[in-house]
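Descriptive structure summary
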Amino acid sequence: MTVTASIVVHRSPLPQLRKAVECILRAEVAHIFIIDNSPDNSLSAIATLSTRIEYSHVENHGFGAGHNIALRRAISLYPGGYHLVMNADVWWEGDALTPLARYLDDHPDTGMIAPRVYYPDGRLQYSCRMLPTPGDMFARRFIPSFLTRRRMRGYLLADADHSKAIDCPYLLGSFLLFRNRALEECGLFDERFFMYPEDIDITRRIHRRWRTLYWPGTDIIHQHAAASRRNPRMFAIHLINMARYFNKWGWLRDEERDLFNSRLLNDIRETGE
């Protein structure tokens, strides 16, 4: 197995980025691409950590566009390999990456895989989810949580058994290990999305042909700043890009969403019996 990785950064604190990169370096990773969307190249010092790091300072066209720079290079170098897409606010103890790569080695029907995710305080992060409806997005943002708790728990699969693997059509994009061949078949990140729904979009496209798996065989920690809940500009970017997502896939009518979500819930019920 050959594994590459990429982190897209925008004004990330250098100590945070260093911690994330050091976690990746503990595994046998062939190449780490740091794609820096920041106004300046002050994070370029990260490249001194290892000869396996390739740093690029680029114009900011968004999260997916940044990762696509690395993905195109990784696929050209290692078409039969695996590629990790990761946030800078992620870390773990030991080697959380190699077990995931070995799972892909042993399960050729799996196109992408994600680990179990925790917040720094030890709470489980619901990183595998149903495909959202516009109602889910509206309720989560604009309706008091006590009125939407049941609906949100369903959307977030909060009552699923997270000690078991789940073949899920939406995996949160903070840590995703892709099979390069699946990306070649299904396409890279859709660059129409500046940020936020690109992980929903790419998971569901790969889910059409491959298993897209939440796998609790290894754990990571994700800080998850949730900037769009605190920053009005990021909130506007989130809304605009979610509208683009629903324009692409359907607002009230999305037959594939209904099929994938129904299949997901049925699988969860069967594994829980």
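These remarks concern the structure in this document. (Residues numbered from 1 in each chain as written. Predicted model: local features only at pLDDT ≥ 70, side-chain atom pairs only at ≥ 80, totals over all residues. Heavy atoms only, no water.)

1. Overview of the pattern of salt bridges
Counted only if it meets this: What counts as a salt bridge is simple: a side-chain nitrogen of Lys or Arg found within 4 Å of a carboxyl oxygen of Asp or Glu. A helix here means a DSSP run of H or I that spans at least four residues, while a strand means a run of E at least two residues long, and both kinds are numbered starting from the N terminus. Classification of residues uses two cut-offs on accessible area relative to the type maximum, computed with a 1.4 Å probe and protein chains only: under 20% is buried, over 50% is exposed, and between them is partly exposed.
Scanning all chains against the criterion turns up 18 salt bridges. A salt bridge links arginine 209 to glutamate 185; the nearest nitrogen and oxygen atoms lie 3.7 Å apart. With arginine 209 in the loop between helix H7 (198-207) and strand E12 (211-222) and glutamate 185 in helix H6 (residues 180-186), the pair connects residues that are 24 residues apart, well separated along the chain. With a shortest N-O distance of 2.6 Å, arginine 208 and glutamate 256 are connected by a salt bridge. With a gap of 48 residues between them, arginine 208 in the loop between H7 and E12 and glutamate 256 in helix H9 (residues 255-272) connect regions that are remote in the sequence. Here arginine 208 falls in the partly exposed class, since its relative accessible area comes to 48%. Judged by relative accessible area, which is 17%, glutamate 256 ranks as buried. Linked by salt bridges that have partners in common, Asp190, Arg192, Asp201, Arg205 and Lys248 make up one network.

2. A closer look at the pairing of E12
Note the cut-off: Two strands are counted as paired when DSSP detects at least two bridges linking them.
Of the strand pairs in this sheet, strand E5 (residues 90-91) and E12 are connected by two bridges, and their pairing is antiparallel. Looking across to E12, one finds that valine 90 is bridged to histidine 222. The sheet contact formed by strand E6 (residues 110-118) and E12 spans eight bridges and is parallel. Residue alanine 114 lies in a different strand from E12, and its bridge partner there is tyrosine 214.

3. Overview of the packing of aromatic side chains
Selection criterion: Centres within 6.5 Å make a pair out of two Phe, Tyr or Trp rings, where for Trp the six-membered ring is used; the pair is then stacked when the planes are under 30 degrees apart, edge-to-face when over 60, and tilted otherwise. Cation placement over rings: the criterion is NZ of Lys or CZ of Arg within 6 Å of the ring centroid and within 35° of the ring normal.
Considering all chains together, one arrives at seven aromatic pairs under this definition. Ring geometry for phenylalanine 63 versus phenylalanine 189: centroids 6.1 Å apart, planes at 75 degrees, classification edge-to-face. Remark: phenylalanine 189 occurs in the loop between H6 and H7 and phenylalanine 63 occurs in helix H2 (residues 63-77); sequence separation between them is 126 residues. Residue phenylalanine 63 is classed as buried on the basis of its relative accessible area of 17%. Between the aromatic rings of phenylalanine 193 and tyrosine 245, the centroid separation amounts to 6.4 Å while the plane-to-plane angle is 50 degrees, which identifies the pairing as tilted. Placement of the pair is phenylalanine 193 in the loop between H6 and H7 and tyrosine 245 in helix H8 (residues 232-249), with a sequence separation of 52 residues. Here phenylalanine 193 and tyrosine 245 have matching classes, each one buried. Over the ring of tryptophan 249 we find arginine 204, and its NZ or CZ is 3.7 Å from the ring centre.

4. Focus on the side chain of aspartate 199
Condition: In this tally, Lys and Arg are treated as positive and Asp and Glu as negative; His is ignored, and so are the chain termini. We define a polar contact as two N or O atoms separated by no more than 3.5 Å, with the added condition that, inside protein, one atom must be a possible hydrogen donor and the other a possible acceptor, whereas residues neighbouring each other in sequence contribute only through side-chain atom pairs. We call two residues contacting when some pair of their heavy atoms lies within 4.5 Å.
Turning to its location among the elements, aspartate 199 is positioned in helix H7. No salt bridge is formed by the buried aspartate 199; the nearest opposite charge belongs to arginine 129, separated by 7.0 Å. At 2.9 Å, the side chain of aspartate 199 forms a polar contact with the backbone nitrogen of glycine 173. When residues no more than four places from it in sequence are discounted, the contact partners of aspartate 199 are Tyr170, Leu171, Leu172 and Gly173.

5. Some words on empty space enclosed by the protein
Heads up, the condition is: In this analysis a 1.4 Å probe is tested at points of a 1 Å grid over the protein atoms alone, and where it fits but cannot get out there is a cavity; an open set with protein on both sides within 12 Å along at least five of seven lines is a pocket; lining residues have an atom within 4 Å of a point. Grid points are joined across faces, edges and corners, and a volume is the space filled by probe spheres set on the points. The nonpolar class holds Ala, Val, Leu, Ile, Met, Phe, Trp, Tyr, Cys and Pro. Asp, Glu, Lys and Arg form the charged class, and all remaining residues, Gly among them, are polar.
One pass over the full model with this rule turns up one cavity of 30 Å³ or more. When its volume is computed, the largest cavity comes out at roughly 30 Å³. Per-element tally for the lining of the largest cavity: the top contributor is E6, with three residues. Class assignment of the residues belonging to the lining of the largest cavity gives a composition of six nonpolar, two polar and no charged.

6. Regarding H9
Rules: Under the convention used throughout, the expected extent of a helix is 1.5 Å for every residue step, that is, one less than its residue count. Here the arc refers to the set of directions running from the helix axis out to each C-beta atom.
With 18 residues, H9 extends 26 Å from end C-alpha to end C-alpha; this agrees with the ideal 26 Å at 1.5 Å per step. Among all positions in H9, only Glu256, Arg257, Phe260, Asn261, Leu264 and Ile268 are buried. Take H9 and look down its axis: the buried residues cluster within an arc of 125 degrees, on one side only. Structural note: H9 exposes Glu255 and Arg269 on the side pointing more than 90 degrees away from its buried face. Those residues of H9 that are buried are in contact with strand E8 (128-129), helix H4 (134-142), strand E9 (166-167), H7 and H8.

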